Amino acid sequence: MRILLTGARGQLGEQLKPHLEPLGEVVAVDRAGLDLADGATLRSRLAELAPTVIVNCAAYTAVDRAETEPDLAAAVNGVAPGILAAYAQETGGYLIHISTDYVFDGRGCRPYQPEAATGPLGTYGQSKLQGELAIAANGAERSLILRTAWVYGAGGTGNFVKTMLRLGRDRPEVRVVADQIGSPTWTGDLAIAIARLIPQLSPKISGIYHYTNSGAASWYDFATAIFEEAQLRGFPLAIERVIPIATEDYPTPAQRPAYSVLSGQKIAPLLGGPAPHWRVALRHMLDELRDRADSP
Ligand SMILES: NC(=O)c1ccc[n+]([C@@H]2O[C@H](COP(=O)([O-])OP(=O)(O)OC[C@H]3O[C@@H](n4cnc5c(N)ncnc54)[C@H](OP(=O)(O)O)[C@@H]3O)[C@@H](O)[C@H]2O)c1
């Protein structure tokens, strides 16, 4: 098996690579190695790289900036996944594509099933939905779309956990949105899930699946847990208070779903059970972050 991993320097791609290596030959590419915005050369580059499985972790992920760069977001997130799916279909390979909870409008109050009606609120979510539809139109049978949410890991350039640790190191107080509910998801568990899916790939398990860590939290709950767990692990912290605020008190260019918990019911049998709880996952990530800081 020759596995093409895109977005290899992103927070998920970086964590996933070692989990793929036992499964086959891994070709890990960053943007310079395979530019998903360049639809014209994508096909010929794929033919050169000749993967039998593609794991697409690359994406335009700047949720707010997408509002002013809709064409780039659409090219990377909306068009390119269709080209990857068509390649998999034509060559008898498979595509695993990562998508997002931001395809939903967040008006629900029960965990979203994969077939629930979509309704993205912003340009990023629209572009990711466009990508899902492009996959369905070009290579549905040989593609698995994995929607996830609130992703964080020890690698990559930044995420909510790293931001909280940075702010909490210098400030006595942070204000965090308490009326958006989702499931924080550690790249470590997501990577294990993806690696478990690869040997099972077949047209029978094509389609859309949801994978997040179990349980639900607001950003405020998550921030509070980050500081509690980080304190126990000896991270340097000046923080004394986390103040819950409303979404309207923290305006952003892109609107986020108020509720975006994803049901993992459909994927659980493929993974041998439900995903670990988000708080357990957070502990693992903080341990990893501390170990990375300690290592010479
Ligand atoms: N982060 C979240 O909270 C979240 C939530 C739900 C779903 N997801 C999905 O999960 C997947 C992985 O996200 P992540 O958090 O690992 O994101 P990330 O850390 O931002 O990584 C994305 C990677 O894609 C690369 N990329 C951007 N534009 C590209 C292009 N034109 N061609 C090739 N590569 C390009 C980036 O490279 P550069 O660094 O060079 O730009 C980056 O390494 C994405 O599909 C994302 O939509 C993420």
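Reading the values: rules and limits
Residues numbered from 1 in each chain as written. Predicted model: local features only at pLDDT ≥ 70, side-chain atom pairs only at ≥ 80, totals over all residues. Heavy atoms only, no water. Helix = DSSP H or I, 4+ residues; strand = E, 2+ residues; numbered from the N terminus. Rg over C-alpha atoms; globule rule 2.2 N^0.38 Å. Buried < 20%, exposed > 50% of the residue type's maximum accessible area, 1.4 Å probe, protein only. Contact = heavy atoms within 4.5 Å. Near = heavy atom within 4 Å. Polar contact = N/O pair within 3.5 Å; in protein donor to acceptor, adjacent residues only side chain to side chain. Areas by Shrake-Rupley, 256 points an atom, 1.4 Å probe, with all protein chains shown as cover. Core = buried A, V, L, I, M, F, W, Y, C linked by side-chain atoms within 4.5 Å. Pairing = 2+ DSSP bridges. Axes fitted to C-alpha atoms, helices over the stretch in contact; angles between N-to-C directions.

1. Quick look at the overall build of the protein chain
Then comes step 1: The secondary structure content of the protein chain amounts to 9 helices and 12 strands.
Then comes step 2: Here the protein chain has a C-alpha radius of gyration of 19 Å; the compact-globule value for 296 residues is 19 Å, and the two agree.
Then comes step 3: Expressed as lengths along the three principal axes of its C-alpha atoms, the size of the protein chain is roughly 55 × 45 × 35 Å.
Then comes step 4: Per-residue burial over the protein chain gives 52% buried out of 296 residues.
Then comes step 5: Restricting the contact set of the protein chain to residue pairs at least 6 apart, pairs at least 24 apart contribute 82%.

2. What about the site of the ligand?
Then comes step 1: If you check the shell around the ligand, you find 23 residues, and the closest are R31, L36, T61, Y124 and K128.
Then comes step 2: At a separation of 3.2 Å, an oxygen atom of the ligand approaches a polar backbone atom of I98.
Then comes step 3: Here an oxygen atom of the ligand and a side-chain polar atom of K128 are 2.8 Å apart.
Then comes step 4: The fraction of the free accessible surface of the ligand (900 Å²) that becomes covered by protein chains is 81%.
Then comes step 5: Those elements that provide at least two residues to the shell around the ligand are α1 (11-20), β4 (94-100) and α4 (123-139).

3. Describing unusual backbone geometry
Then comes step 1: We note that A50 has phi near 50°; this positive angle belongs to a residue other than glycine.
Then comes step 2: Relative to the helices and strands, A50 resides in the loop between α2 (39-49) and β3 (53-56).
Then comes step 3: For A50, a relative accessible area of 35% puts it in the partly exposed group.
Then comes step 4: The backbone phi angle of W150 is positive, close to 45°, even though this residue is not glycine.
Then comes step 5: Among the structural elements, W150 can be located in the loop between β5 (143-148) and β6 (151-152).
Then comes step 6: Of the residues examined, W150 reaches a relative accessible area of 10% and is grouped as buried.

4. Notes on the nonpolar core
Then comes step 1: Grouped together as the largest cluster of nonpolar side chains are 38 residues, with contacts concentrated most on V161, M164, F222 and L282.
Then comes step 2: If you list the elements that add at least two residues to this core, you get α5 (160-170), β7 (173-177), α7 (219-232), β12 (241-245) and α9 (278-294).
Then comes step 3: Sort the elements by how many residues they give to this core and α7 lands first, with 7 residues.
Then comes step 4: When sequence neighbours within four positions are dropped, the list of residues in contact with V161 reads Y152, F222, I226, L282, M285 and L286.
Then comes step 5: I98, L144, L197 and I198 belong to the second-largest nonpolar core, a separate cluster that totals 28 residues.

5. Description of the sheet that holds β5
Then comes step 1: Taken together, 6 strands build an open sheet; the order of strands is β2-β1-β3-β4-β5-β10 and the sheet is parallel. Every other strand in the sheet has two partners, leaving β2 (25-29) and β10 (207-210) as the edge strands with one partner each. The average angle at which neighbouring strand axes cross in this sheet is 20°, direction not considered.
Then comes step 2: Where β3 meets β4, 4 bridges bridge the pair, whose relative direction is parallel. What sits directly across from N56, in β4, is H97.
Then comes step 3: The sheet strands contacting α4 are β4, β5 and β10, and the helix crosses β4 at an angle near 155°.

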